[in-house]
Structures are given as C-alpha cells and as structure tokens.
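Overview (structure and organization)
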Amino acid sequence: LAHPVAQGRLCVRGWHAHELATSHIRLLSPLVRKNGQLVAVKYPEAIEFAAAGLREAKKQRGSQALAVLGSPNATNEANFALMRFARQVLGTNNLDFSGRLDWLPSATVNPSTPIENIDKADLIFLFDTDSGDDHPAVTARLIRARRRGAKLINIGTRQHRLARIAGLNIQILPGTLPEFIAGLIAALLTMTPSIGYLEGITKPPADYTPEKAARACGAKVEEIRQAAKAFQEAHRPLALLGRGAIRDAQATVMLSAAGTLFALGQALGQEPFGAKPGNSLMPLGSRGNSRGAREMGLDPTLLSGYQPITDEAARKRFESAWGAALPQEKGLNLWDMAGKVRALYVMADAPASCLSDPKKIDELLAGVEFLVVQDSINSALAERADVVLPGAALGEEEGTFTNLEGRVQLLRKALPPPAQVHANWEIVNQIARALGVDFGYESSAGIMQQIAALTPLYGSITYEKLEKGFGELLPAELLPSVAPAVSWQELDNEAAKSDADYPLLLAVDYAASYWEGDKVVLSCPTLRNEFTIQIKDFPQGFVALNPEDARNLNVRPMSKIKIIGKNGEFIISAQISKEVPAGVVLLPFWERAKATPVLQAMRNNADGLPCIEVEQVRIEGA
Amino acid sequence: MSAATVIAPVRSSAGEVDYSEITDAHQIAWDYTISLTSLKRFFLPQVEPLFEFSCQQGKHTLQPILDKKPRVFIGVRPCDVSGLNFLDTVAKRDHDDQYYQSRRQNSFIIALACNKAAAETCFCVCGDGGPFLKEGYDIQLVSLGDYYLVEVGSAKGEALVKEHADLFTPADAKDAKQKEKLMKQAEISFGEDKAYVAAATRKISFGKTEDALWEKLGDFCLGCGGCAYICPTCTCFTVCDHMKGEGGVRERHWDACNYACYTREVSGHNPRKEQGQRLKNRFFHKLSYQFVLRNGRHACVGCGRCAFVCPGETPMPEVTASIRRGAWE
C-alpha cells in the first residue's frame, strides 16, 4: 500500500508472476548441442562451450558477424554486463532487444513523467492507449482521477474500456493521431488569438484548419473544438501515449505535435509538470524493464544513458574504466542482423516479438552458425541453440529495474535459484572470463556502482539508497531533449481517398490482446489459461470487424474471410466486435505474420522497428 | 504444541503488517490495524501441491502430499477467523477436502478482538465478521487496557489454558462488563465505508439488478482477480499437472471468477464472456439468498481488503452501494 506506483494493487500478471520460478517449462540444466542433440552438461562445461563457440566465430567471421540481444525482462545489471560483453569482449555494436518496440525512433528519447502526476492532472489525454488492458496500475490512477473530477479525453480507434469511461471520447481513424493533434492546436489558436510568436515553436501551417483535421482523422470538428476548449480551460493537462501512438508510422510527428500543444499550454499560463513539454507526456511501455534495458545501452549506437558511441568523451570514459578500446561504428539493429550475423547470444529475450514480420527471425537464425541462449524458461529459440544457459527467474536474483516513469527499483532475492541456475549477470561474467576478460564484478551492487560512475543519468543511484525506500526517480533534466523538429508538411488533409474496390481500412492494433501467447505469460499456468483464449478461439488468427460491416458483408462470427488488398490477399477468421468502428478492420499486432501478403510493404523505421501503414482492403467470403 | 510454527502480525520495514512466521514474541505487532492478507493462504495456498503421481509399466500410483505441520496463529483479527470458519463449511460441504482439513486440524487460533474499526476500509459490522467473535476461535483476546481478557472458544482452547494455568488469572464480572462496553463502542465506530449487504442480497436474490448496471461495472473491473485472491472466503481453484518424466505433481492454484478463462468451456463457448457478466456472477455468489442458505452466511466477512486491492472501483462496498442505488454513478 505504501508503494508509490502499485499502491497495494496488482494486475493479473502481477498476481501470477511468481509461477515463473516453478514453471513447467523452466530451464534447469545447462545444455550443449552434441551430434545435433541438446544434452545436459555441467555448468562449467557449458560456459566453456559458449566461450569456445564465440571465440571461434570471432576468429573466423570477425566481430561484425557477432551480435547480442538483451532483454526487457532482465535486470539493468545483467543488461549492462551484456552490453559490456558485446562491446568489449566481442568487439561489436550489434546490440538490440525486443523491448525497443516500446520506443520512439532512435533520434528521439521517450518523454518521461512520474506516474503520480496522474493524481495531480485536471485533464488527461489518452492517446491511442488501451491501458485498462496493458497498464492496470496506470488505469487505477486514471479511474481515481476521473472520480476526483479530472477530465479524461480518449482519442483512439478501438472503443475499449477507456473510450467508455472517458468524459469525452473521440473516435479517429487509425494512424491519424498527428492530424488530430494538429487540428486541436489549430482550434486552440483560433480560440486564443493572443498567442503570437513563440520562441522555438513551429505552429501548424495557417491553412491547416480543424475542419481539415476532422476530415483527415474522421472525427467531428465539434469534438476537436471541445477537446481544444477543455485544454484551454485546464490548469495541469497530461497526455498518455499508448503503444498505438508510439508505434504509429508518424510517431515522431505525433510527438512533436504533442510537444507543441503542451508548449502552447505553457504559454497560455498552464502550470506545467516540468520545464519541457515532455514532462507532461507519458509513453506507456509494455515491459517491466524495457526502459532500463535501453538505458543500459542495448542499442547499436548508444552506450548507457543515451550516450552516443560516437561521443568521444563518453566512449573514452568507458574505455578507460574497462581498459579496452571499443568499436565506434554503428552496429546492426535486430532487423538488419538477418543474413549478416553468424554468431548470436540472446539473453532472456523473445526477439521475434518486436519485428514487423516475425518470420524475419527465421532468416536471421538460418544464417547463424552458433547460437547461445541464456534464459530461465524454454522456448523455440532455446531449442535451436547450440548452448543453453539456465538463468535465474524473477525473484531468484538481485538487481534493478527501471519502470516507465524512470523509477529505478531494487528487486530483492526472495529465493535461491535451483542448483544449476545462476544469476544472469554472473553467467555473462563467466563467459567473459572464459574469453580472457575479467569484468571484476562481484555483485549486482558492484555493477550498479560502475553503471553510476559511467552514466550521468544513473549517477545518483546506489543500492544503499534503493534499499531504503521504493526506488529513485531518474532526474528528468538529465534526459536528452525530447521533441525533434516538427515536419507539419507530412500531415494529411483528407482521409485516405475511398476506393470502391477497397472500401475498408486494415490497420494493425498494437494494444489488442498484447499478452496473448507471450512467452513469459505462457510459462505461468494460470496466465496460460487466461491469455491463450484467442489463440484457442481463432487458431488461424483473426481480424476484428464492426458488427454492421459484418452484417453487410454477410460475415458470421468466427467464419473464414478473405482480405484482399492492392498487393495481395490472405485468409483469416473474423471476430465481430462492437469496439471496432465501421469501415475499419483491426489486425492484432501478434497476428501480423498472417497478413504479410497485404501488408507486404511491412515497413520499418530506421531502427528496424515496425512502422506499418494502414492499407485499403475489401473482404470476401473464403 | 511446543513444536508448532507461530504466525502473527508482523510489521515490515515499510510499516505494513502481514501475518508472518515469528521466532520471538517481540516481533508481534499488537497495535496493527489490518494485515495485508488474510489467513487463507496458510490453509489454501495460492499454489498447493496435492499429490504426486506416477505411471510405470502401466501401474499408476498416487501419493497425497498432506501438510500436517502444527501452526499457532496469534493476534488474528475476527474477520479473518470468520473467513476461516467460512472456509470450513466449504471444505466439508460436498466432500472432505483432506488437504485443507489436515492444515486446519493442526492449527490453533488466538484471535484479537477489535476494540474499534481497525481501518477506514473495515465493514465487518455489515458482513457479520467482527469486530468481536462469538464463536469459531480457540482463544479470543480482548484488550482491557493493561491486560487481556481471555475467552475460550473450543476444547483445544480450554486444554491450552488448563495446561498453562499459571499464565492466567480468573476474570471477574467487571471484566465481562468492560468487554460488553468495548464491544458496543466498537460496533458504532465504523465510518462511511459501509456495505449495503441487505439491499444487495434482496435485489440480487430476486433478479432485480439491471444488466446495464453490470455492464457499466464491467468497465471499471480490470479483471485482475485481486479481490478473489485477497478475499478470506473465496475458494475457487484450478488444477495443473507438473509433469516430470512418467509422473508428476498435481497442483491446485487459486483461480478467480473475474477471469475470462474461468468459465470458458472446451468448445470455446463462454457463458460469461463479458467482464460485467463475470462480476454479476461474483456478487451473486457472494450475496445471493440461495448461497446464504447453503453456506450459513454471506460470503463476505467485511475485512475490506477488496477495497484497497481493487485497481478499478468494484470492491464490495462500491458494488453494493450501486446495486442499492440501482445506478453506477
């Protein structure tokens, strides 16, 4: 109850996460591939085998053909040790992890604001988030904020719980959030002509009217004006950015538009949550430590704390602390690794989960000659490995996590790991030692000392402090600037032109049933029951359709339909849901592989992260 | 009794109290309000191995895993003892739950009466779970200032007091009178967080709740299952086999009626597909007249824990209030 984030409440995952430790798919013995079969060996032999394989690959293929994946489910200390391993021992910047799905493009640092600001805000924009499903702790605050009288304005496509409980609900077409915000700004500017020139702020073009925005995003112009009025009257507005907003093809435009909106608010005399507009924006990442993992430098271009590898001074600090030269050139991200990487070391990650086309992982693995998997639970990936190193599960090792608001918290060791299982940072440490590099790490606290010494953002973090309370918030002022320059010209003026042959819009829904089939969830028996329902209901996958569209197209619930796009077609089952607006077909992100023929322009941004545009389609019976 | 594990309210470094094993009487937080969790987990653990099974050369063997460890619980709030008494009726109803009984028979309960509403969220006066116990305990302690009035509620309790007669002095009529006075004071000390149990029971039992209300409540229930897990009277479980070679262990795990998988049938049909329908079932089961007849009481002792664990706004007091009103807001 005293915990500032959880306040005594847990979500369904939280109530069951302890089952991981006793999971039936727990990895309990090190395995090594001999004559094509994975066989159990003693721990030192597995370490030696992993080291030998990596040594050989480095010798034969060079550092550029080696890559390392860390994890949003692993501690900061384990991820930092792994980052050091990649750069110092393997000599590569080929570093990534699946939790980057929660991140805006690499040119941008996610904005950050403490969760408790929800309690202080009087207006909260919910930008394309289904936090009732994926962030119950945040939603608990929203529900209380609502009762306290704060106004919730939901802006999104699917009409989920938040749409129903929000004071004002504005339904927009998928992928049109930047247009909506631009329209909101335009409406605000007409209401408050007194706002003149503002230093550093680029307003949307004068001819971008609320009417244009309304046409583009499918909202009513009156709704845009209502939202603008609510913003004008608010004293402390806040915005939550859901996964849909973050993963949108135009996420950077959305972010800078939102930044502009809050900067205007400040000019109107609002009481901001911080000096920068980003202090009022809360992106809702999905994984326990996806923020921490990135801040530990699991990135092809960044060292810990967003320090560019090309920043000479920063790199020198690491080099002198570690006594080794580090590679400087940009490494490969996960998407680009396919075909180029020959040896891969994966720590507790589910790499396929963040790719726009999960089959891409097969392409990567097909080219990998030596695969090391370190994890607490078994997976298809582990079954393909040459070495499997069982790592500690949640509660079996000490370490820190950094939550979405930037609170570094200490996870204590609640029970000892099984006999052949070791702390994750320790395993990395051992392989490094077997490869002739002594990290000198004795404990996770010791690793945090080094993180703090080398990372200004984490400079004030010590275990001593963390042990006393409920974690430490990272100083937001040390985060690099948030919003890139606005490129308003990318805004759409109209809704996508309707096409009689392709009258429906197919969009990826990043929020819907996010946990379905997730590997961590599947390892907990009770959660496995709860989060495989849709897989059981729709073994061939599904898209969600509005009941009226379904009636007009004569599509019955759970029946097979053919989705025909301009590039191709695919067959999938239909889920009929009144949460989906008419004219829109929503494809859950985890079903995306089935839709490749239509979404074959499965685009990625420069970071190799999904950036999937809306497609025009039609539906026929199959 | 000398070899028993002793479990008592213990204050954590964060200042919160929960029932926990102690080795020293000084660890007991006598002045606590209410513990984070009830006694349920000591009798019906969240994950409980039931039996080991093996199948070798066509021969099946089953080996039950019974927990016979003696445990003494000291300083238990009356609502939690009432919850335990409710669990007793469930464990005996259709068949003997030997796993539960084994733990129960080896336990000794020393209750601590509440001289006033322990916390703001308490509503045991509405759930008939406290603030003083009339039955179902081995020993009940009532703080009379400098000393405790010790009430004996079972043969086990009586035997213990007799065995340690040197620790007790006989109570007199004044003590009994003082207790009556404290009990009355306690009963009127409850705040605004009342649960309108009677109104809810009447409406639920006679089909007088609107589906629209449940649908609305469903929007505010985030489906975490926390209320069921924290509830001293919720007993639903699911089973799961942990295989190891030719055999394995069957476990039972807490389950919650808030989950979609709870009633989903093998065919894929789910009679309670929507959260609101699940919530309706939950409160029906807690409060309906037919279950009161079967179990001998409402399935709510008024501990109030659902009120602090619920991330939404659908704990017992809020739901009964909205049923009474006939509207959510």
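Just above sits the structure.
Residues numbered from 1 in each chain as written. Chains lettered and ligands numbered in written order. Predicted model: local features only at pLDDT ≥ 70, side-chain atom pairs only at ≥ 80, totals over all residues. Heavy atoms only, no water.

Relative to the assigned elements, A:Asn110 resides in the loop between β4 (95–96) and α4 (117–120). Only 3.2 Å separates the side chain of A:Asn110 from the backbone oxygen of A:Asp102, close enough to count as a polar contact. (Helix = DSSP H or I, 4+ residues; strand = E, 2+ residues; numbered from the N terminus. Polar contact = N/O pair within 3.5 Å; in protein donor to acceptor, adjacent residues only side chain to side chain.)

Below, the discussion takes up unusual backbone geometry. Residue and element names in this part refer to chain B. For the bond from Gly-130 to Pro-131, the omega torsion is 5°, close enough to zero to count as cis. Within the secondary structure, Pro-131 sits in the loop between α4 (124–127) and β7 (139–143). The phi angle at Gln-57 is positive, at roughly 45°, despite the residue not being glycine. Counting through the fold element by element, Gln-57 comes out in the loop between β3 (47–56) and β4 (59–64). For Asp-128, which is not glycine, the phi dihedral falls at a positive 55°. Relative to the helices and strands, Asp-128 resides in the loop between α4 and β7.

With that settled, the discussion passes to the nonpolar core. Residue and element names in this part refer to chain A. In this structure, Leu-54, Phe-80, Phe-85, Tyr-345, Leu-389, Ile-431 and Tyr-458 are the most contacted members of the largest nonpolar core, which totals 65 residues. If you tally residues by element for this core, the top one is helix α3 (residues 76–90), at nine residues. Discounting residues that sit within four places of it in the chain, Phe-80 has contacts with Met-296, Ser-304, Phe-318, Trp-322, Tyr-441, Ile-447, Gln-450, Ile-451 and Leu-454. (Core = buried A, V, L, I, M, F, W, Y, C linked by side-chain atoms within 4.5 Å. Buried < 20%, exposed > 50% of the residue type's maximum accessible area, 1.4 Å probe, protein only. Contact = heavy atoms within 4.5 Å.)

Turning our attention to the interface of chain B and chain A. Facing the 36 residues of chain B at the interface are 34 residues of chain A. For the pairing of chain B and chain A, the buried interface totals around 2,900 Å² over both sides, and the portion due to carbon and sulfur atoms is 53%. A per-residue breakdown of the area chain B buries against chain A is headed by B:Asp219, B:Leu222 and B:Arg264, which together make up 19% of the total. Taken together, the connections running from chain B to chain A amount to five salt bridges. Taking the shortest distance from any N to any O, the salt bridge between B:Glu313 and A:Arg147 comes out at 3.1 Å. Linking chain B with chain A are 20 residue pairs in polar contact (both at pLDDT 80 or more), by the criterion used here. Among the secondary structure elements, those contributing two or more residues to the side of chain B that touches chain A are α8 (211–220), α9 (226–230), β9 (237–244), β10 (247–254) and α12 (305–309) of chain B. For the side of chain B that touches chain A, the element with the most residues is α8(B), which contributes four residues. Split into classes, the residues belonging to the side of chain B that touches chain A amount to 19 nonpolar, nine polar and eight charged. (Buried area = accessible area lost by both parts, 1.4 Å probe. Salt bridge = Lys/Arg side-chain N within 4 Å of Asp/Glu carboxyl O. Nonpolar A, V, L, I, M, F, W, Y, C, P; charged D, E, K, R; others polar.)

For the rest of this paragraph, the subject is the sheet that holds strand β5 (residues 123–127) of chain A. All names here are of chain A. On the basis of which strands lie adjacent, the open sheet formed by five strands has the order β7-β6-β5-β8-β9 and parallel pairing. Lying at the two open borders of the sheet, with one neighbouring strand each, are β7 (168–171) and β9 (281–283). Taken over all neighbouring pairs, the strand axes of this sheet differ in orientation by 15° on average, direction set aside. Inspection of the sheet shows β5 paired to strand β6 (residues 151–156) by five bridges, in the parallel sense. Opposite Leu-126, over in β6, you have Asn-154 as the bridge partner. Of the strands in this sheet, β5, β6 and β7 touch helix α8 (residues 177–191), which is tilted by about 150° from β5. Of the strands in this sheet, β5, β8 (237–241) and β9 touch helix α12 (residues 251–267), which is tilted by about 170° from β8. (Pairing = 2+ DSSP bridges. Axes fitted to C-alpha atoms, helices over the stretch in contact; angles between N-to-C directions.)

All names here are of chain B. Inspection of the secondary structure assignment puts His-298 in the loop between α11 (289–295) and α12. Using a relative accessible area of 23% as the deciding quantity, one classes His-298 as partly exposed. Considered as a pair, His-298 and His-285 are 13 residues apart in the sequence and their alpha carbons are 8.8 Å apart. A distance of 2.9 Å separates polar atoms of two side chains, one belonging to His-298 and the other to Thr-201.

What follows concerns the side chain of A:Asn279. Here A:Asn279 lies in the loop between α12 and β9. The residues contacting A:Asn279, other than those within four sequence positions of it, are A:Ser112, A:Thr113, A:Asn117, A:Phe273, A:Gly274 and A:Ala476.

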